[in-house]
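In case you want the letters, here they are:
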Amino acid sequence: MEPHLGGQVAGTSGTGFVLGGAPLPLTVPTRIYVCGITPYDVTHLGHASTFVWADVLARVVRMTGTETEVTRNVTDVDDVLTRTAADRGRTYDEFGLRQEFWFDRAMSALHVRAPQHTPHARHHVRHVVALAAALLETDAAYERDGYVYFRGADVPASAGLDRGSALALSAEYGDDPDDERRDDPFDVPVWRPSGDGHPAWPSPWGPGRPGWHAECAAMAMATLGGVLDVLVGGADLAFPHHAYQVAMAGAATGAGPFARRQFRVGTVGLDGEKMAKSTGNLVLVQDLLEQTSGAALRMLLLDRPWAQAWDFRSGDIDLAAQRLEELYVAAGRKPGSAAAVAAVGDALLHDLDVPTAVNHAIDAGGDAARLAIRTLALQ
Ligand code: ZN
C-alpha cells in the first residue's frame, strides 16, 4: 500500500503530531522500525523503557485513526550470543529462541503490543547479501579478503560527531577500527567471514555472516520498504548502529533519508551508571514484576520526558503505583468535559508528553482519564 497522509484526531484541537520537537505529518500506514534485542540475556529496565516507549509511540499514532506497521527485529546472529550459547552447551538459534520466550513474556506483562513483523537476522541473510551486492554496485562498498566493507568515512559527520569521539564509540560497540584491511577506520563490514564454531552462510564473497548494522538495514527494508517514518532505539544506538543503518539503506536505495524521524529513548541508569548487560549493572523486569504490576511499571517508565536519561531508584515504583491509583480513581468520576479529553489527546500528540496528559487526566477525571488509561495501555 502506498503511504498517504492520515487524518486528524477527533476530540483534539487539530494541531497535528509532533515528535522530537518538530511536526511529523503521519503517513498511512506509519512505518516504525524498532531495533530489538540480541537474545542472550534477561530483559532489564533499560530495554523495557525503549520497547514500552515504542509501543506508546505506535498507540498514540493509532489514537489519531492512522494505521501503524511496526517491525521489531531479533538480532540472533551475534558473536556474543553464539559464545554465550556455546558456553551453555546450546546452539545459537535454540539458545536465542529460549531467551526470546522470556523476553516476549516480559513484553506481554508490560502490555507491549506484539509488532506485525519480528524478523530474525538468521532468516534475512539473503537480504543482507542483496544489500551488499547493491552497495558494491553503487561503489558504496568494496570487497576484500571475504569481507564486503561499507565506505563509512562520512558517517561520523552525519551523526554530528568528530572522528575522535566516533572512534571511541565504534570500539565500545564492538567494531574494530584498527582492522588493516579497511581503507578507512570508519568502513564497516556488511558481510564478513564467520569465526570458528560460528554460524556461516554462503555468499558470492565466500561463506560468512552479516555485519550488525547491515542486519538491521536489511530487515527494515525487507519488512517495511525503502523509507521508514520512525526509527526507534535506545539513545546509545545513535552511533554507530543507527547512523550506519541509515547510511547503508540510503546508499542502497538512493531514496534518502531512510528514516523520516529518529526516536531515541533516554538511557536508564542505576547508581549513576548506564544499565547494561556488559557491566552487570542491572534492574531486571522479571524482578520488578514480582513487586508491582505491569501497568505500574509502564507508569514508572512513561511519566517523564522520553528523551531524558534518568536513574532508577527503588522508591520510584511506589510513587508510580500511587500515581496510577490516582488515575484509576479519576477515571471512576463523572464523564468530564470534551475540553479535558482534548487536552489529554493534545499532550500525547505533542511529543508524547505523558506527564502533562496524566496531570490533565487526574485533574479532570472521567473520559479524559479513561482516554489516558486506554491510549497508554495502563489498564
Ligand atoms: Zn538495529
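Calculation notes
Residues numbered from 1 in each chain as written. Predicted model: local features only at pLDDT ≥ 70, side-chain atom pairs only at ≥ 80, totals over all residues. Heavy atoms only, no water. Donors = N, O, S within 2.8 Å, 3.2 Å for Na, K, Ca; no water. Helix = DSSP H or I, 4+ residues; strand = E, 2+ residues; numbered from the N terminus. Buried < 20%, exposed > 50% of the residue type's maximum accessible area, 1.4 Å probe, protein only. Salt bridge = Lys/Arg side-chain N within 4 Å of Asp/Glu carboxyl O. Phe/Tyr/Trp six-rings, centres within 6.5 Å; stacked < 30°, edge-to-face > 60°. Lys NZ or Arg CZ within 6 Å of the ring centre and 35° of its normal. Domains from an automatic or database assignment. Contact = heavy atoms within 4.5 Å. Buried area = accessible area lost by both parts, 1.4 Å probe. Polar contact = N/O pair within 3.5 Å; in protein donor to acceptor, adjacent residues only side chain to side chain. Nonpolar A, V, L, I, M, F, W, Y, C, P; charged D, E, K, R; others polar. Pairing = 2+ DSSP bridges. Axes fitted to C-alpha atoms, helices over the stretch in contact; angles between N-to-C directions. Core = buried A, V, L, I, M, F, W, Y, C linked by side-chain atoms within 4.5 Å.

Peer 1: Just checking my understanding: could you explain the coordination of the zinc ion for this structure?
Peer 2: A four-donor tetrahedral metal ideally has 109.5 degree angles, and a six-donor octahedral metal ideally has angles of 90 or 180 degrees. Around the zinc ion, the donor atoms from the protein are Cys-35 (SG), Cys-216 (SG) and His-241 (NE2), and they sit 2.0 to 2.1 Å away. Every donor residue of the zinc ion comes from the same chain, spaced as C-x180-C-x24-H. Of this pair, Cys-35 sits in strand 5 (residues 30-37) while His-241 sits in helix 8 (residues 238-253), and the two are 206 residues apart along the sequence. Just as Cys-35 is buried, His-241 falls in that class too.

Peer 1: Can you walk me through unusual backbone geometry in this structure?
Peer 2: Peptide bonds are trans in most cases, and residues, glycine excluded, mostly fall at negative phi. The omega torsion of the bond from Val-28 to Pro-29 falls at -10°, within 30 degrees of zero and hence cis. Position of Pro-29 relative to the elements: it lies in the loop between strand 4 (27-28) and strand 5. The linkage connecting Phe-239 with the following residue, Pro-240, adopts the cis geometry, with an omega of 5°. Considering the arrangement of structural elements, one finds Pro-240 in helix 8. The phi dihedral of Leu-352 is positive, around 55°, even though this residue is not glycine. Positionally, Leu-352 belongs in the loop between helix 12 (338-349) and helix 13 (354-364). For Leu-352, a relative accessible area of 1% corresponds to the buried category.

Peer 1: What is the right way to look at the pattern of salt bridges in this model?
Peer 2: Side chains that carry opposite charge are capable of pairing whenever their charged atoms lie near each other. Counted under the stated rule, the structure contains 20 salt bridges. With its nearest N and O atoms 3.5 Å apart, the salt bridge here joins Arg-181 to Asp-179. Residue class for Asp-179 comes out buried when judged on its relative accessible area of 11%. Taken together, the shared-partner salt bridges in this structure form one network comprising Asp-79, Arg-192, Arg-209 and Glu-215.

Peer 1: Help me understand the packing of aromatic side chains in this model?
Peer 2: Given two aromatic rings, their pairing is described by the distance between the two centres and the angle made by the two planes. With the rule as written, the count across this model stands at 8 aromatic pairs. When the ring of Tyr-142 is compared with that of Tyr-149, the centres are 5.6 Å apart and the planes differ by 35°; the resulting orientation is tilted. Since its relative accessible area comes to 0%, Tyr-149 is described here as buried. Each residue in the set Tyr-142, Tyr-147 and Tyr-149 is aromatic and connected to the rest through ring pairs, giving one cluster. Here the basic side chain of Arg-72 rests over the ring of Phe-51, its NZ or CZ set 5.5 Å away from the ring centre.

Peer 1: Honestly, the domain arrangement of the protein in this entry has me stumped. Any pointers?
Peer 2: Size of an interface: often given as the accessible area lost when the parts come together. Split by domain assignment, the protein resolves into domain 1 (26-312) and domain 2 (318-375). Computed from C-alpha atoms alone, the centre-to-centre distance between domain 1 and domain 2 is 33 Å. At the junction of the two partners, domain 1 supplies 17 residues and domain 2 supplies 16 residues. Taken as a group, Met-63, Met-299 and Asp-303 account for 40% of the area that domain 1 buries against domain 2, more than any other trio of residues on that side. Along the contact surface separating domain 1 from domain 2 lie 1 salt bridge. Its salt-bridge partner being Arg-323, residue Asp-303 comes within 2.5 Å of it at the nearest N-O pair. Counting across the interface, domain 1 meets domain 2 through 2 residue pairs in polar contact (both at pLDDT 80 or more). The residue inventory of the side of domain 1 that touches domain 2, partitioned by class, reads 11 nonpolar, 3 polar and 3 charged.

Peer 1: What exactly am I supposed to notice about the sheet that holds strand 12 (residues 259-265) here?
Peer 2: Strand-to-strand pairing in sheets goes through backbone hydrogen bonds, with the strands running parallel or antiparallel. The strand order 6-5-11-12 describes an open sheet built from 4 strands, whose pairing is parallel. Two strands in the sheet have a free side with no partner beyond their single neighbour: strand 6 (68-74) and strand 12. Shown here is a sheet whose adjacent strand axes are inclined to one another by a mean of 20°, direction ignored. Relative to strand 11 (residues 228-234), strand 5 runs parallel, the two sharing 3 bridges. Looking at the pairing, Tyr-33 lines up with Leu-231 of strand 11. Against the sheet, helix 1 (residues 45-63) engages strand 5, strand 6, strand 11 and strand 12, with an angle of about 170° to strand 5.

Peer 1: I would appreciate a short explanation of the nonpolar core in the present structure.
Peer 2: What tends to happen in soluble globular proteins is that the nonpolar side chains get buried as a cluster. In this structure, Phe-17, Leu-45, Leu-57, Phe-263 and Phe-312 are the most contacted members of the largest nonpolar core, which totals 69 residues. Of all the elements, helix 1 adds the most residues to this core, at 12 residues. Both of domain 1 (26-312) and domain 2 (318-375) provide at least three residues apiece to this core. In contact with Phe-17, not counting residues within four places along its chain, are Ala-22, Pro-23, Leu-24, Leu-26, Leu-57, Val-60, Val-61, Leu-348, Leu-349 and Leu-352. Counting 41 residues, the second largest nonpolar core, distinct from the first, contains Tyr-92, Met-219, Ala-243 and Phe-258.

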